[in-house]
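Read off the chains here:
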Amino acid sequence: MARSGLATRLYRGEAGLDVVGRRKLWFSVAGVLVLLAILSFLVSGFKLGIEFSGGNSFQVPASVGTLERTETVTEEALASAGGGAELVTAQEVGGPSGNFYEMRTSELDAEEAEAVKVALAEEFGLNADQISANRVSSAWGSQVTSRAVLGLFIFVALVTVYLVLRFEWRMAAAAVGSLFLNLVLTAGIYSAIGFEVTPSTVIGFLTILGFALYDVVVVFDKVQENVRGITANNNQTYGDAANLAVNQSLMRSLNTSVVALLPVGGLLFIGAGLLGAGTLKDLGLVLFVGMAVAFLTSILVATPLLVVLKNQEPRIQAHNKRIEARRGAIARGEVTPKGTAKPTEGDEPVDPEAAALAGAAPKVGARPAGKRPTGARGGRPAGGGGNRPGGKRR
């Protein structure tokens, strides 16, 4: 029989990937990525939108020309207005009345904002009322931030209580650790790319927490099923059973992640990239990166971390030592595995496949295996009589 391909074995949970056994590698990689994320926080920081840092926005009809020309004109208007204000971002946005260019600047006072608006109107030959100007206070952004942090703590608290009741506290600790790792890595990538932090970014961060939790629960549910009564098992350690659960749930998690990433990828690469919908890129990037990282952390970090925590439990420690001692005795030939005949002195090695075929072959002179004909004497007509007609005896 041809050997099954990797994809088939993955679907059956028979790939035998040693995820838990290589946990030191995954932890090392995760540690390096966390250090890089922290370095990005310190060096690049976050590019805060005017909702958080405060500032002004000017909306110019897209009919005036290209976005690049509008940026140039806005920078010149800011320079002539004085005050040292700078252009922060420029993007094309679609609206009910058509597309327009949104120019976001650092904070201006009322006179400077009016001067910039008039300069833009004169340069593009528009009426001043055709350009919309808005001012955003940084106080609003601080309120959004404080409420987002409060929502994060409430979410983590509820998740912890649920996981403790549904599983156990060690699984809850491993899951929450995976969630925070997911947030740090996603924030590090966001900081390195340099996208503007907007309220959509905050919403995206809170959204990926739910997706990451779903991935972890799928894997932990299978782990719980495999480790039930593990101390009565003479063949598997806790790590072996957890690694089997990862293999069995790998394709399910992968399929779920791919299906979720496809529309988010369309939102990011097609909507924001090709169509120029700049308001979608902040949300799209957070969701795409966060969901991809959530899949990896649920498989490569959460379950190995759970095994590390469970191996500190005395009951599991004793069980693992017993299994390792038994495996060592089997390797030395001191113990014969159950179901294997112990060879006697002078016996030659026997091919297991040949032995199975020999056991299945019929013995010489044996009656062919089949259903015997019914009758009083196994093949003869009922009522005896040999070759005599089956008439009524007198």
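In this report, we go over the structure that sits alongside the text. The model shown is predicted, which means the values in this text are computed figures rather than measured ones. (Residues numbered from 1 in each chain as written. Predicted model: local features only at pLDDT ≥ 70, side-chain atom pairs only at ≥ 80, totals over all residues. Heavy atoms only, no water.)

**With respect to the overall build of the chain**
Argument step 1. From N to C terminus, the chain includes 12 helices and 6 strands.
Argument step 2. Within the chain, the fraction of its 394 residues that count as buried is 38%.
Argument step 3. Sequence separation of 24 or more characterises 76% of the internal contacts of the chain that already satisfy a separation of 6 or more.
Argument step 4. Surface exposure of the chain reaches about 23100 Å², of which carbon and sulfur atoms provide 59%. (Helix = DSSP H or I, 4+ residues; strand = E, 2+ residues; numbered from the N terminus. Buried < 20%, exposed > 50% of the residue type's maximum accessible area, 1.4 Å probe, protein only. Contact = heavy atoms within 4.5 Å. Areas by Shrake-Rupley, 256 points an atom, 1.4 Å probe, with all protein chains shown as cover.)

**Details of the nonpolar core**
Argument step 1. Core analysis: the largest hydrophobic core is formed by 58 residues, its most contacted members being L163, M171, F220, V223, Y238, I299 and L306.
Argument step 2. At the level of secondary structure, the elements contributing two or more residues to this core comprise α6 (138-166), α7 (169-193), α8 (199-226), α9 (238-274) and α10 (278-310).
Argument step 3. At 13 residues, the largest contribution of residues to this core is made by α10.
Argument step 4. Not counting the four nearest positions on each side in its chain, Y238 is found in contact with E168, M171, V223, V227, I230, L306, V307, K310, N311, I316, H319 and N320.
Argument step 5. F58, V73, M103 and A121 belong to the second-largest nonpolar core, a separate cluster that totals 20 residues. (Core = buried A, V, L, I, M, F, W, Y, C linked by side-chain atoms within 4.5 Å.)

**So, the side chain of T74**
Argument step 1. When you line up the elements, T74 lands in helix α4 (residues 67-81).
Argument step 2. By relative accessible area, T74 is classed as buried at 0%.
Argument step 3. Excluding residues within four positions of it along the chain, T74 makes contact with L87, M103 and L120.

**Some points on helix α11 (residues 314-331)**
Argument step 1. The end-to-end C-alpha distance of α11 is 26 Å, a good match for the 26 Å that 18 residues give at a rise of 1.5 Å each.
Argument step 2. Residues of α11 that are buried include every one of I316, H319, N320, I323 and A329, and no others. (Expected span 1.5 Å × (residues − 1).)

**A few points about the pattern of salt bridges**
Argument step 1. The tally for this structure, following the rule as stated, stands at 12 salt bridges.
Argument step 2. Among the salt bridges present, the one from R166 reaches D221, with a minimum N-O distance of 2.4 Å. Of this pair, R166 sits in helix α6 while D221 sits in helix α8, and the two are 55 residues apart along the sequence.
Argument step 3. For R166, a relative accessible area of 32% corresponds to the partly exposed category.
Argument step 4. Between K222 and E225 there is a salt bridge, and its shortest N-O distance comes to 3.4 Å. Of this pair, K222 and E225 both sit in helix α8, 3 residues apart, which is roughly one turn of that helix.
Argument step 5. Because the salt bridges share partners, they merge into one network encompassing E168, R170, K310, E313 and R315. (Salt bridge = Lys/Arg side-chain N within 4 Å of Asp/Glu carboxyl O.)

**Some details on the packing of aromatic side chains**
Argument step 1. As enumerated under the stated definition, the model contains 3 aromatic pairs in all.
Argument step 2. Their ring planes at 90° and their centres at 6.4 Å tell us that F167 and F220 sit as a pair that is edge-to-face. Residue F167 is located in the loop between α6 and α7, and its partner F220 is located in helix α8; the two are separated by 53 residues in the primary sequence. With respect to class, F167 is no different from F220; both count as buried. (Phe/Tyr/Trp six-rings, centres within 6.5 Å; stacked < 30°, edge-to-face > 60°.)

**Some words on the packing of α4 against helix α5 (residues 110-124)**
Argument step 1. In contact at an axis separation of 9 Å, α4 and α5 are set at 135° when each is read in the N-to-C sense. For the element pair α4 / α5, the angle class is oblique. Between α4 and α5 lies a crossing whose hand is right-handed. In this structure, α4 uses R69, T70, V73, T74, A77, L78 and A81 to contact α5, whose residues at the interface are E112, A115, V116, A119, L120, E123 and F124.
Argument step 2. The residue makeup of the contact of α4 with α5, split by class, is 9 nonpolar, 2 polar and 3 charged. (Axes fitted to C-alpha atoms, helices over the stretch in contact; angles between N-to-C directions. Parallel < 35°, antiparallel > 145°, perpendicular 65-115°, else oblique. Left-handed = near helix turned anticlockwise from the far one by under 90°. Nonpolar A, V, L, I, M, F, W, Y, C, P; charged D, E, K, R; others polar.)

**What about the side chain of E102?**
Argument step 1. Structurally, E102 can be placed in strand β4 (residues 100-105).
Argument step 2. Residue classification places E102 among the buried residues on the basis of a relative accessible area of 10%.
Argument step 3. Excluding residues that lie within four positions of it along the chain, E102 makes contacts with S57, F58, Q59, T89, A90, Q91 and V93.

**Quick notes on the sheet that holds strand β5 (residues 132-136)**
Argument step 1. Across the sheet, which stays open at both edges, the 4 strands sit in the order β3-β4-β2-β5 with antiparallel pairing between neighbours. With one partner strand each, in any of the chains shown, β3 (87-93) and β5 form the two edges of the open sheet. Geometrically, the sheet is characterised by an average inter-axis angle of 20° between neighbouring strands, direction not taken into account.
Argument step 2. Taken together, the 6 bridges between β3 and β4 define a ladder with antiparallel strand orientation. Its bridge partner being in β4, Q91 is matched across the sheet by E102. (Pairing = 2+ DSSP bridges.)

All quantities given are derived from atomic positions and should not be read as evidence of function.
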